[in-house]
Amino acid sequence: MVSLADTGPVRRADAEDNAGPGLVEYWRVLLHYKWSILGIVIIAAIVGLMSAISAQPVYRAEARLLVQFNPVANIRGVQMVEPTLTQAWILQQTLSDILRSRAIAEKVVRRLGLHESDPVVPKDEPAIAPPAEHPLKAQLKQIRDSVKLPQWRQWIPAEWRSPPPPPRLPEHWLNSQIERIRTGLVIGGGRESSVFSVGFMSSDPQQAADIANAVAEAYIEFTIDDKEETSFRQVRWLQQRVEELRADMDERARAVTEYQSQVGMGSVEQQDEINRNRIGQLISELTKAVAVRSQLEARVRQLRNAMARGVSSDTVVTLFGNDNLVLELERRISNVQRTVSELSERYGHKHPKMIAARNELRELRNALKSKVANGVANAQQELDVAIAHVKELDNLKAVAEKEVRGKTGDAYQLSQLEREAKAARELYLSVLEQYKVLALSARDTAHSNVRLIDRAIRPAQPSAPDRQRIVIVAALTGLVIAVALALLRNYLDATFKTREDVEHHIGLPVFGVVPQVNNRKAPRISLTAADEPQGQFTEAINDVRTAILLSQVDEPPKVIMLTSTTAGEGKTTLACNLAIAFSQRGRTLLLEADLRRGDLSKALGINTGPGLSDFVSGACSLQDALLQLPELPTLYVMQGGTTPPNAIEIISSHKFNLGLHNLREAFDFIIIDTSPVLPVSDAVVLGNSADAILLVIQTERTSQASVKLALKRLQAARLRPVGVVLQQANMKRVEGYGQYYGGYHQYYTKRRT
């Protein structure tokens, strides 16, 4: 009997490792699907090759333009302005947009006559013969034409067919050719130099060269027309402006003359000049007086602050650095302070010498304060004088300005008219000078700042398609898709394929990987390994037997129960072969405990007879229920017997437990073939009577979810399998999952060779 208490800590069946699959796992998956991946890559490469062969060759012709920066005119003339990096980028974008504009494309279409004929060839030149087709492409086309298949459109009734497209109008054809020119242009250059490339791609090499040259020439003409139009527009505007300013200047001069005649006055410029000079002199003197007043105000403020804080040596030196009397007082005060300091160390405060020194120091400080106070008073007097002087100059300035403003209204009005006339004349002369400069430069606009340095020539080789690149890209794309599909298929295929899958997902050891037997007509194995196709199968069964015996070294299990998650996983076949293997170690009983759908007689090729249900119910004796195989004298078989209506009651009865106890005494090993765990609960009941439970999983068929659910049911009854057997494994396919199985299969392959 196996329980959870006997096996120590148990890993949960549904526990998943936090770490995802590693590179080794991915590599094994790719090896498993290597032929599928290779097939997809080959198909993708073939499709890419067919596409490259069937693709129409495209030729590219390229013309080169030299673009010089235009001079920028200012208000006084013409000067060259070097463009900045941003301006160069804007120039490149502008040129690219102009070359792709509809105006340039339409000019090219009309010049070459592309809108008048189909196919598109120049009117003045003969049609160019199409390039020779690839030999393989021509052969495929010949095969396609030789196979005459009925058109599928003929099978559709006439009323269901879509109406034919309307006839194409000349405007539509012109627009389509214009868009073809715009989309086929390839503009480059201009980043590190002033040279731009104008390329065009077409299936006709001569047409590609003609269109590239036509676009370059159309752009040069566009720049010439644009310069002429811009220059003449500016000249016309300036000419109109000059006429307006001349009329305004004459009108203002005539107004001055009429007003002088009316009031009988001459020019008032001389009188205004005298008044301006006088006022300017007063303003200059007033400015100086204000500066002096500001300095005196600052000095008075400093002296008063010094008096408020107390007179210090730093203040005296700063404010009276040029007064010898003050400096002498400061020097004497310093000497007396030093004397007081020395006397204070020798005598007390009441000593006569100490008292005399302090009195002398007090008198000197009072004299210094008095001197500073006198300085403050003197500075205040000087400040008052400066303030009065400023007021006087300000009054004089006001009087002079009043005199100027108080002159007669006729003189003032005349001066205003004269100033306006002078300003109008100056503006007229400035605009006239600019008009003359632009009029001269407009005559020299017949040339363009764009020059064609290299004309496009007819390309000898097509630039596209790059067949080798297309095939490589298609193969790489197929490889990526194939790898993604392989990983997706492996992710969706939630079955067990290797030992690592079992140990990773359910945490149980794998006792063996039993290969699939191709000869289904021979269900029993030959332990002598004479039948070579079953030699590998026999060795796998022996490995399982050894693993079971070593699972409990101190007390090897005697009663071994085999179960599975669902039916059809090869549990009965494994039980038969495992019983034959154990019969080599001693008396072995193969007990069929699957009373509902027992299939042991078919697996062993024996007749159906009484079995376990008959023995427990008392319908037959133990000797009648046992069957000894003639080929293996140490192997006994007890079939399920008559199918009972209550199988669970039979295997859970006291008589069954008593009979199993007696069988333990009579046999060395008992192999129990029981029902699956998920459909019924027979295996859960029998598990309490077994020494070891072996879970059978069919490779690449049993889902992980069903195994985890079966383990949960067993754990609910405190049962835990000692190990797992992967049944019906295709060893050639398993080779793709790891090196262990591959080497195992190769070993027997070499023996057979």
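As a reminder, the structure under discussion sits directly above these lines.
A short tour of the structure in this document, coming up.

Take the sheet that holds strand E1 (residues 59–67) next. Spatially, the four strands line up as an open sheet ordered E4-E5-E1-E6, and their pairing is antiparallel. Each edge of the sheet is formed by a strand with only one pairing partner; in this case those strands are strand E4 (185–189) and strand E6 (450–454). When strand polarity is set aside, the average angle formed by the axes of neighbouring strands in this sheet is 30°. As paired elements, E1 and E6 share four bridges and run antiparallel to each other. Counterpart to Leu65 in the pairing with E6 is Leu452.

Below, the discussion takes up the nonpolar core. One finds Ile506, Leu589, Leu612, Met638, Ile670, Ile672 and Ile697 to be the most contacted residues of the largest nonpolar core, which totals 45 residues. With residues up to four places along the chain from it excluded, the contact list for Met638 reads Leu589, Leu590, Leu591, Glu592, Leu600, Gly611, Leu612, Leu622, Ala625, Leu626 and Leu663. Counting residues in each nonpolar core, the second largest holds 34 residues, with Ala547, Leu562, Leu574 and Ala692 among its members.

Evaluated as defined, the whole model comprises 14 salt bridges. Note that Glu62 is salt-bridged to Arg60, the shortest N-O span being 3.2 Å. A salt bridge links Glu217 to Arg111, with the shortest nitrogen-to-oxygen separation between them at 3.1 Å. Placement of Glu217 in helix H7 (residues 205–263) and of Arg111 in helix H4 (residues 102–112) is noted, with a sequence separation of 106 residues between them. Of the residues examined, Glu217 reaches a relative accessible area of 25% and is grouped as partly exposed. Overall, the relative accessible area of 36% leaves Arg111 in the partly exposed class.

Moving on, we come to the packing of helix H1 (residues 23–32) against helix H13 (residues 467–492). Relative orientation of the contacting elements H1 and H13 amounts to 105°, with a least axis distance of 10 Å. As the angle between them shows, H1 and H13 are arranged roughly perpendicular. In this structure, H1 contributes Tyr26, Val29 and Leu30 to the contact, and H13 contributes Val483, Ala486, Leu487 and Asn490. Residues of the contact of H1 with H13, tallied by class, amount to six nonpolar, one polar and no charged.

Right, let's get into the sheet that holds strand E11 (residues 635–638). If you trace the eight strands from one edge of the open sheet to the other, you get E7-E14-E13-E8-E12-E9-E11-E10, paired in mixed fashion. Edge positions in the sheet fall to strand E7 (510–515) and strand E10 (626–628), since each has one partner strand and no second. Each adjacent strand pair in this sheet contributes to an overall mean axis angle of 25°, direction not counted. Sheet topology note: the strand E8 (residues 559–564)/strand E12 (residues 669–673) ladder contains four bridges and is parallel. Its bridge partner lying in E12, Ile560 is registered against Ile671. Here helix H15 (residues 535–551) sits on the sheet and contacts E7, E8, E12, strand E13 (692–698) and strand E14 (723–729); the angle it forms with E7, its principal contact strand, is near 165°.

Turning our attention to the packing of aromatic side chains. In total, this model carries three aromatic pairs according to the counting rule given. Measuring from ring centre to ring centre gives 6.5 Å for Tyr219 and Phe222, while their planes differ by 25°; the resulting arrangement is stacked. Here Tyr219 pairs with Phe222, and both are found in helix H7, just three residues apart, close to one helical turn. Relative to Phe669, the ring of Phe582 has its centre 4.8 Å away and its plane inclined at 50°; by these criteria the two rings are tilted. Within this pair, whereas Phe582 is found in helix H16 (residues 571–583), its partner Phe669 is found in strand E12, the two being separated by 87 residues in sequence. Judged by its relative accessible area of 10%, Phe669 is buried.

We now examine the packing of helix H2 (residues 34–54) against H13. Across the interface, H2 lies against H13 with an axial gap of 7 Å and an inter-helix angle of 150°. Compared by their axis directions, H2 and H13 come out roughly antiparallel. Judged by the twist between their axes, the crossing of H2 over H13 is right-handed. Contact with H2, carried on its side by Ile37, Ile40, Val41, Ala44, Ala45, Gly48, Leu49, Ala52 and Ile53, involves Arg467, Ile470, Val471, Ala474, Ala475, Gly478, Leu479, Ala482, Val483, Leu485 and Ala486 of H13 and no other residues of that element. A breakdown of the residues in the contact of H2 with H13 according to their chemical character gives 17 nonpolar, two polar and one charged.

A word on the side chain of Gln639. By the element assignment, Gln639 lies in the loop between E11 and helix H20 (647–651). Ignoring sequence-local partners within four residues, the contact set of Gln639 consists of Glu592, Ser601, Ile606, Asn607, Thr608, Gly609, Gly611, Leu612, Ala625 and Leu627.

With that settled, the discussion passes to a nonpolar patch on the surface. Side chains of Trp35, Leu38, Ile42, Ile46 and Met50 sit close together on the surface and give an oily, nonpolar patch of about 520 Å² of accessible area. Along the chain, the position of Met50 falls in helix H2.

Conventions and cut-offs
Throughout, a residue's number is its position along its own chain's written sequence, starting from 1. For a predicted model such as this one, the threshold for reporting local features is a pLDDT of at least 70, and the threshold for listing and counting side-chain atom pairs is 80 or more; totals across whole chains, interfaces and linings nevertheless cover every residue. Excluded from the side-chain calculations are hydrogens and water; all other atoms, namely the structure's heavy atoms, are used. Pairing between strands is defined by DSSP: at least two bridges between the two strands are required. Here a strand is any run of E in DSSP of at least two residues, a helix any run of H or I of at least four, and the numbering for each starts at the N terminus. Here an axis means a line fitted to C-alpha atoms, over the contact stretch when the element is a helix, while the angle between two N-to-C directions is reported on a 0 to 180 degree scale. Throughout, nonpolar core names a set of buried Ala, Val, Leu, Ile, Met, Phe, Trp, Tyr and Cys residues whose side chains join them through atoms within 4.5 Å. Per-residue accessibility, obtained with a 1.4 Å probe over protein chains only, is compared with the maximum for each type, and a residue is labelled buried under 20%, exposed over 50%, and partly exposed between these values. The contact criterion used is simple: two residues touch if any of their non-hydrogen atoms lie within 4.5 Å. Criterion for a salt bridge: a side-chain nitrogen of Lys or Arg within 4 Å of a carboxyl oxygen of Asp or Glu. Orientation categories follow fixed angle ranges, with anything under 35 degrees roughly parallel, anything over 145 roughly antiparallel, 65 to 115 roughly perpendicular, and all other angles oblique. Only Asp, Glu, Lys and Arg are considered charged in this grouping, and only Ala, Val, Leu, Ile, Met, Phe, Trp, Tyr, Cys and Pro are considered nonpolar; every other residue, Gly among them, is considered polar. Working definition: a ring pair exists when centres of Phe, Tyr or Trp rings (six-membered ring for Trp) sit within 6.5 Å. Plane angles under 30 degrees give stacked, over 60 give edge-to-face, the rest tilted. Note: crossing handedness is left-handed where the near helix turns anticlockwise from the far helix by less than a right angle, and right-handed where it turns clockwise. Like-charged residues are merged into a patch within 9 Å and nonpolar side chains (Val, Leu, Ile, Met, Phe, Trp, Tyr) within 5 Å, provided each residue has over 30% relative accessible area and no salt bridge. Reported accessibility uses the Shrake-Rupley method at a 1.4 Å probe radius. Residues are deemed covered only where the shown protein chains occlude them.

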